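Commentary on secondary and tertiary structure
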Amino acid sequence: MTDEARIAELEKQFDDYVEADNKAEPKDWMPEKYRKTLIRQISQHAHSEIIGMQPEGNWLTRAPSLKRKAILLAKVQDEAGHGLYLYSAAETLGRSRDQLEDDLHQGKAKYSSIFNYPTLTWADVGAIGWLVDSAAILNQIPLCRCSYGPYARAMIRICKEESFHQRQGYEIMLVLNRGTDAQKQMAQDALNRWWWPSVQMFGPPDEASPNSSHTMKWRIKRFSNDELRQRFIDQAVPQADVLGLKIPDPDLKWNDDRQAYDFGAPDWDEFFAVVKGKGPMNKARLDHKVRVWDDGGWAREAAMAHAEKESARRASQKSAA
Amino acid sequence: MKDSDKKQGKSVVNDDVLTYCLRLGDNAMVTSQRLSEWVRNSPTIELDIAFANIALDHVGQARMLYSYAGELEGKGRDEDSMAFLRDEREFGNVLLAELPNGDFAKSVLRLFFYSAWVLPLYEGLNQSNDERLAAIAGKAVLEVRYQLKHSAEWVVRLGDGTEESHKRISDALIELWQFVGELFEADEVENRLADAGIGVDPTSLKGAWDNTINDVFARANLTRPDDDWHLTGGRSGQHTEHMGYLLAEMQVLQRTYPGCEW
């Protein structure tokens, strides 16, 4: 059998194996494209958690009550933790965290485009929790059953914490909408700015989504972008009603035949422009990440140097003994 | 003793405990504020997590202390009124806590100095005749023990690590040393509370602090400056010029939208 034929056979076995809902583990043979696809997806997800600390971190020192400050600190801390689990999951596929972080710093890796928008008021912290974390949960719950074991296991833990994040965001919005006119206006303004970018978090429409078909076959992805987007909207509309907020989509309307909401088309030109770097905060987010990394270099070097000195000291003590 | 004297005695103690809780609460609050600034800005993701975690512990301590202070005062002020609606001159934290973060070396050394002081302070308060204070301190001791260990480890790494890290932490040491003496000063409030077995005499903390610092400095190749001249004023609300900016940022929403729920 030629090498090519042998690989084709292994690939066929692998496809059948994951299609039967079995889990692939780090030491199993896997197609190179599967490995690359997962590294790309898991590291993008990790980068999103880490870059996502910036817009919310922007309000840590200005949270309006001590309870809110505590919750926001816990949330941003969770995001850093999620970033770490996900980098670990990606490392099981053979790319180190240093390499992955370097890809981000070089601008070679992407992260969720939603974080290229600024958090301008306190209500943005609420809107992110309510909408962005809702969208993230819808994207992530199916990943708890994803075919790659380490990713699926990381997602189970992450999803539990995300649902707390979503609830705290919704609660911020609820309290604002029970408050003064200025607070209600703040909440509506945040919804107006975050609605469409959140709707776009599920990616381009199915007919324009280049990576979807093979990720579905491999059980990395289980639902299409448009299916998840519909779920998000059907879930958000009644929540907005409870809040007394108006979703900024004139075409939004209940469709009795479909038993779902019809909605307007997001501005996909804007979406692709932001993905390609032309969003309000793309440069600021990446510059911040790179600056922090560079500024901290001396401290990381010191920790390494100290560890090396310590082990040399231990070794010389041992040889003297 | 006449009844009126007793009442007066009780209210003096009450006022003293109130002042004391606010000072302790302000130390925790201001420390938390500075630590929060590091989150998303530190040298590693692990350090972001540690800073967030320690900041969160301090918010928790501040909330307990402020709530108790509000109850003692009995005028309906809650934890948020204490944090967001008092002015700079009413804050009684030590100056060390409010200084700008500077680089990582300065922040780590400040956290270490502060933790080496506040740990024996909370350990002492855990034995307080005031049960509520004792309970708050008991919870805080566990948190502060971790942050002392964490910051001490970093002081050693930086002091022993590279030429650059050694220089940075040595520079930080010179800058911060003038704020250390204030930690061990006592005023009348603290003396009365120490006599009543409610508070801890700050001068009594010096020995434990010295031991911790000497031990860690020996491992970090750092030498204590021999100049003990120091700045003071935090307890009586005379702060550095940095404090106003810290509060302006922290209090902005409560001040801009008075009387709102958040």
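Now for a look at the structure at hand. Everything quoted here is computed from the prediction, not taken from an experiment.

The final tally for this structure, using the stated rule, is 44 salt bridges over all chains. Between Arg229 of chain A and Asp226 of chain A there is a salt bridge; the shortest N-O distance is 2.8 Å. Of this pair, Arg229 of chain A and Asp226 of chain A are both found in helix α10 (residues 225–243), three residues apart, which corresponds to roughly one turn of the helix. Relative accessible area serves as the criterion here: at 2%, Arg229 of chain A is assigned to the buried category. Take Asp226 of chain A: its relative accessible area is 27%, and that puts it in the partly exposed class. The partner of Glu190 of chain B in a salt bridge is Arg235 of chain B, with the nearest N and O atoms 2.6 Å apart. Of this pair, Glu190 of chain B sits in helix α8 (residues 188–195) while Arg235 of chain B sits in the loop between α9 (206–220) and α10 (243–256), placing them 45 residues apart in sequence.

With 169 residues, the main nonpolar core has Trp122 of chain A together with Phe113 of chain B as its most contacted residues. If you tally residues by element for this core, the top one is helix α5 (residues 104–125) of chain B, at 15 residues. Once residues lying within four places of it in the same chain are set aside, the contact partners of Trp122 of chain A are Trp59, Ala63, Pro64, Arg68, Leu72, Ile172, Leu176 and Met186 of chain A together with Leu253 and Trp262 of chain B.

The partner chain B presents 48 residues to the 49 residues of chain A that form the contact. Considering only the surface of chain A that becomes buried against chain B, Thr61, Leu66 and Trp298 of chain A emerge as the three largest contributors, covering 21% of it. At the boundary of chain A with chain B, the tally comes to two salt bridges. Notably, a salt bridge pairs Arg313 of chain A with Asp160 of chain B, separated by 2.8 Å at the nearest N-O pair. Summed over the shared surface of chain A and chain B, the result is 16 residue pairs in polar contact (both at pLDDT 80 or more). Considering each element in turn, the side of chain A that touches chain B owes the most residues, 13 residues, to helix α4 (residues 66–91) of chain A.

What counts, and at which threshold
Residues numbered from 1 in each chain as written. Chains lettered and ligands numbered in written order. Predicted model: local features only at pLDDT ≥ 70, side-chain atom pairs only at ≥ 80, totals over all residues. Heavy atoms only, no water. Salt bridge = Lys/Arg side-chain N within 4 Å of Asp/Glu carboxyl O. Helix = DSSP H or I, 4+ residues; strand = E, 2+ residues; numbered from the N terminus. Buried < 20%, exposed > 50% of the residue type's maximum accessible area, 1.4 Å probe, protein only. Core = buried A, V, L, I, M, F, W, Y, C linked by side-chain atoms within 4.5 Å. Contact = heavy atoms within 4.5 Å. Buried area = accessible area lost by both parts, 1.4 Å probe. Polar contact = N/O pair within 3.5 Å; in protein donor to acceptor, adjacent residues only side chain to side chain.

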